[in-house]
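One-letter residues, chain by chain:
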Amino acid sequence: MNNCAICGEKFSDDIRFLNHMMEKHGFRNPTNDTPDRNSRGY
C-alpha cells in the first residue's frame, strides 16, 4: 500500500501510485533520479 506524500491519497499498487504522482504532481519515474537519455520502456 502506497500513500502519496503530497496529498495523502492511498494506492493499492505501484502503477496507480506512479500514475497519480506523474499526473497530479508532475513527477517522473521516481526510481531513477537522472534525466532519462535512453528511456527504458515500461
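Structure: see above.
Reference entry: report on the structure contained in this document. It should be emphasised that the depicted structure is a prediction, and the values quoted were computed from it without experimental measurement.

## Details of the overall build of the chain
Across its full length, the chain holds one helix and two strands. The 42 residues of the chain split such that 17% are buried. The long-range fraction of contacts in the chain, counting pairs at least 24 apart against all pairs at least 6 apart in sequence, stands at 3%. Per element, the accessible surface of the chain, about 3700 Å² overall, is 49% carbon and sulfur.

## Let's talk about the pattern of salt bridges
A side chain of one charge can pair with a side chain of the opposite charge if their charged atoms are brought near each other. A full pass over the atoms with the stated rule returns one salt bridge. Here D13 and R16 are joined by a salt bridge, their closest N and O atoms 3.6 Å apart.

Definitions and cut-offs
Residues numbered from 1 in each chain as written. Predicted model: local features only at pLDDT ≥ 70, side-chain atom pairs only at ≥ 80, totals over all residues. Heavy atoms only, no water. Helix = DSSP H or I, 4+ residues; strand = E, 2+ residues; numbered from the N terminus. Buried < 20%, exposed > 50% of the residue type's maximum accessible area, 1.4 Å probe, protein only. Contact = heavy atoms within 4.5 Å. Areas by Shrake-Rupley, 256 points an atom, 1.4 Å probe, with all protein chains shown as cover. Salt bridge = Lys/Arg side-chain N within 4 Å of Asp/Glu carboxyl O.

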